[in-house]
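What follows is the residue order along each chain.
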Amino acid sequence: YMGMSSIWNLRDPLRVGYLKLAGAGKELFGTVVRAGRMKKTVSVLVEHWHWNRHYGKLKRGTSIFHCHDPETYCVIGDKVVIRSCYPLSPIKHYYIRNVVLPLGRNNLYSKRISKDEISAMKENCLLYTSELPTIL
């Protein structure tokens, strides 16, 4: 049985291993699936696994939680840890504790990008906007 406090299902080359979380559902690991639609609120998809005795298999379940993001830093695709708190609104009972992997951002790791990719990104930026991003 794999409890909700493990991130073994994070299939990514940047995976750092086991992440220590508080138990009893106080802290959960998930992926941001909706951001920018509500002020300071993101929706986080959390996977949980349970053993089905009838079929003898692990079954996956998912839940979506609305979480408070005070700096509006999170974007879709980020892997985050959320922590429960007192109700901030009728739907928000969690807040973003930290961003584990900022996978939703483009050009975050500029040292790993080749010169050809940088020039292609500059051309794309100039096609759609008149100014270049600061990272390029």
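For the structure, check the block above.
Residues numbered from 1 in each chain as written. Predicted model: local features only at pLDDT ≥ 70, side-chain atom pairs only at ≥ 80, totals over all residues. Heavy atoms only, no water.

## Focus on the overall build of the protein
Within the protein one finds one helix and five strands. Each helix (α) and strand (β) of the protein, taken in turn from the N terminus, gives the series β-β-β-β-β-α. Considering only contacts within the protein whose residues lie at least 6 apart along the sequence, 48% involve residues at least 24 apart. By element, 53% of the accessible surface of the protein is carried by carbon and sulfur atoms, the whole surface being about 9,500 Å². (Helix = DSSP H or I, 4+ residues; strand = E, 2+ residues; numbered from the N terminus. Contact = heavy atoms within 4.5 Å. Areas by Shrake-Rupley, 256 points an atom, 1.4 Å probe, with all protein chains shown as cover.)

## Things to note about the sheet that holds strand β5 (residues 92–101)
Strand order in the closed barrel formed by five strands is β1-β2-β3-β5-β4, with mixed pairing between adjacent strands. In this sheet, neighbouring strand axes are inclined to one another by 50 degrees on average, regardless of whether the strands run parallel or antiparallel. Taken together, the five bridges between strand β1 (residues 27–38) and strand β4 (residues 79–84) define a ladder with antiparallel strand orientation. If you follow Glu27 over to β4, its bridge partner there is Arg83. (Pairing = 2+ DSSP bridges. Axes fitted to C-alpha atoms, helices over the stretch in contact; angles between N-to-C directions.)

## Here we look at the pattern of salt bridges
Taken as a whole and assessed by the stated rule, the structure comprises three salt bridges. For Glu47, the salt bridge is made with Arg60, and the minimal N-O distance between the two is 3.0 Å. Residue Glu47 is found in strand β2 (residues 41–52), and its partner Arg60 is found in strand β3 (residues 57–68); the two are separated by 13 residues along the sequence. By relative accessible area, Glu47 is classed as partly exposed at 26%. By relative accessible area, Arg60 is classed as exposed at 51%. (Salt bridge = Lys/Arg side-chain N within 4 Å of Asp/Glu carboxyl O. Buried < 20%, exposed > 50% of the residue type's maximum accessible area, 1.4 Å probe, protein only.)

## Focus on the side chain of Asp69
Looking at the element boundaries, Asp69 is found in the loop between β3 and β4. Classification of Asp69 as buried rests on a relative accessible area of 3%. Beyond its immediate chain neighbours, meaning those up to four positions away, Asp69 contacts Lys40, Val42, Cys74 and Ile96.

## Here's the deal with the pairing of β4
Pairing of β4 with β5, which is carried by six bridges, proceeds in the antiparallel orientation. Paired with Val80 across the bridge in β5 is Val99.

## Some details on a nonpolar patch on the surface
Together, Tyr86, Leu88 and Tyr95 make up a nonpolar patch on the protein surface, roughly 310 Å² of accessible area in all. Since its relative accessible area comes to 30%, Tyr95 is described here as partly exposed. (Patch = residues over 30% accessible without salt bridge, like charges linked within 9 Å, V, L, I, M, F, W, Y side chains within 5 Å.)

## A few points about the nonpolar core
By size, the foremost hydrophobic cluster in this structure holds 11 residues: Leu28, Val32, Val42, Val44, Val46, Cys67, Cys74, Val80, Ile82, Tyr94 and Ile96. Sorting the residues of this core by element identifies β1, β2, β4 and β5 as the ones contributing at least two each. The element best represented in this core is β2, accounting for three residues. Setting aside its immediate chain neighbours within four residues, Val44 contacts Gly30, Thr31, Val32, Ser63, Ile64, Phe65, Cys67, Val80, Ile82 and Ile96. (Core = buried A, V, L, I, M, F, W, Y, C linked by side-chain atoms within 4.5 Å.)

## Side note on unusual backbone geometry
A positive phi is found at Lys40, a non-glycine position, where the angle reads about 55 degrees. Relative to the elements of secondary structure, Lys40 occurs in the loop between β1 and β2. Its relative accessible area of 43% is what places Lys40 among the partly exposed residues. The phi dihedral of Thr72 falls on the positive side, at around 50 degrees, and the residue is not glycine. By the element assignment, Thr72 lies in the loop between β3 and β4.

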